[in-house]
Amino acid sequence: MKRIAVLASGRGSNFQSVIEKVKDGSINGEIVCLITDKPDAYAIERAEKAGIPVKIIDFNKFKTRDDYNRELRRTMTEVNPDVFVLAGYMRLLETETAKAFKGRMINIHPALLPSFKGLHAQRQAVEYGVKVAGCTVHFVDEEMDGGAIILQHVVPVLDDDDEDTLAGRILKEEHIALPKAIALFCDDRLVLEGRRVRILK
Ligand code: GAR
């Protein structure tokens, strides 16, 4: 059984979807810890309800970004799970951390990468006028939203969509795709070959 640590900054609905799939046995793993940079993240309540230990590394309490990053890396090293899941963790992982845990970090992004990296991906999609959007689960590397892609789920963009309606449609798929990718990881079915991820049958 794999040990999973989750990083989240906010609402934590993706975190919740992972909690549920661990509980019902679809993911062969246990969530050993939630790490958050925000002391008021709703994800904390979700962890407490599920009996998952929480480590708060309050970004605003650090003098410099480097100090924060050092403490985050120290904590991640100490927890040392098989996999870190970034479920709405809204900060860039600095290069050293990304390198240290390469192949063991999975992120969910609300766009079909490599389109619409960074913040407000759903707004970017609406403004660009694309006809399909979706979410991407990928390994994390040193580049923002740039790592090898594990799964992508697609949704239509409708004529009268705004950022919120599109985000809602994408979020439903996120809640399916993220636990699915973690389940594959925990069953050792993901093989990382350069930029490509092979999924073993
Ligand atoms: C999700 O839509 C996730 O894909 C996105 O933040 C939201 C978090 O929601 N992540 C990013 O944009 C990362 N670049 P949640 O807290 O309810 O899971």
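Worth saying up front: this structure is predicted, and the values here are computed from it rather than measured.

Parameters at a glance
- Residues numbered from 1 in each chain as written.
- Predicted model: local features only at pLDDT ≥ 70, side-chain atom pairs only at ≥ 80, totals over all residues.
- Heavy atoms only, no water.
- Axes fitted to C-alpha atoms, helices over the stretch in contact; angles between N-to-C directions.
- Helix = DSSP H or I, 4+ residues; strand = E, 2+ residues; numbered from the N terminus.
- Parallel < 35°, antiparallel > 145°, perpendicular 65-115°, else oblique.
- Left-handed = near helix turned anticlockwise from the far one by under 90°.
- Contact = heavy atoms within 4.5 Å.
- Pairing = 2+ DSSP bridges.
- Core = buried A, V, L, I, M, F, W, Y, C linked by side-chain atoms within 4.5 Å.
- Buried < 20%, exposed > 50% of the residue type's maximum accessible area, 1.4 Å probe, protein only.

Glancing now at the packing of helix 1 (residues 13–23) against helix 2 (residues 42–50). Close contact between helix 1 and helix 2 brings their axes to 9 Å; oriented N to C, the two are set at 15°. As judged from the angle between their axes, helix 1 and helix 2 are roughly parallel. In this structure, helix 1 meets helix 2 at a crossing whose hand is right-handed. Contact residues: Ser13, Phe15, Gln16 and Ile19 in helix 1; Ala43, Arg46, Ala47 and Ala50 in helix 2.

Attention now goes to the pairing of strand 9 (residues 196–199). Where strand 8 (residues 190–193) lies against strand 9, four bridges are found, and the strand directions are antiparallel. Across the sheet, Glu193 pairs through a bridge with Arg196, a residue of strand 9. Hairpin connection from strand 8 to strand 9: two residues lie between these consecutive antiparallel strands, with Gly194 at a positive phi of about 65°.

Grouped together as the largest cluster of nonpolar side chains are 45 residues, with contacts concentrated most on Ile4, Phe15, Ile150 and Leu178. Once residues lying within four places of it in the same chain are set aside, the contact partners of Ile150 are Ile106, Val137, His138, Phe139, Ala181, Leu190, Val197 and Ile199. Listed in part, the 18 residues of the second largest apolar core include Ala5, Ile35, Val79 and Phe101.

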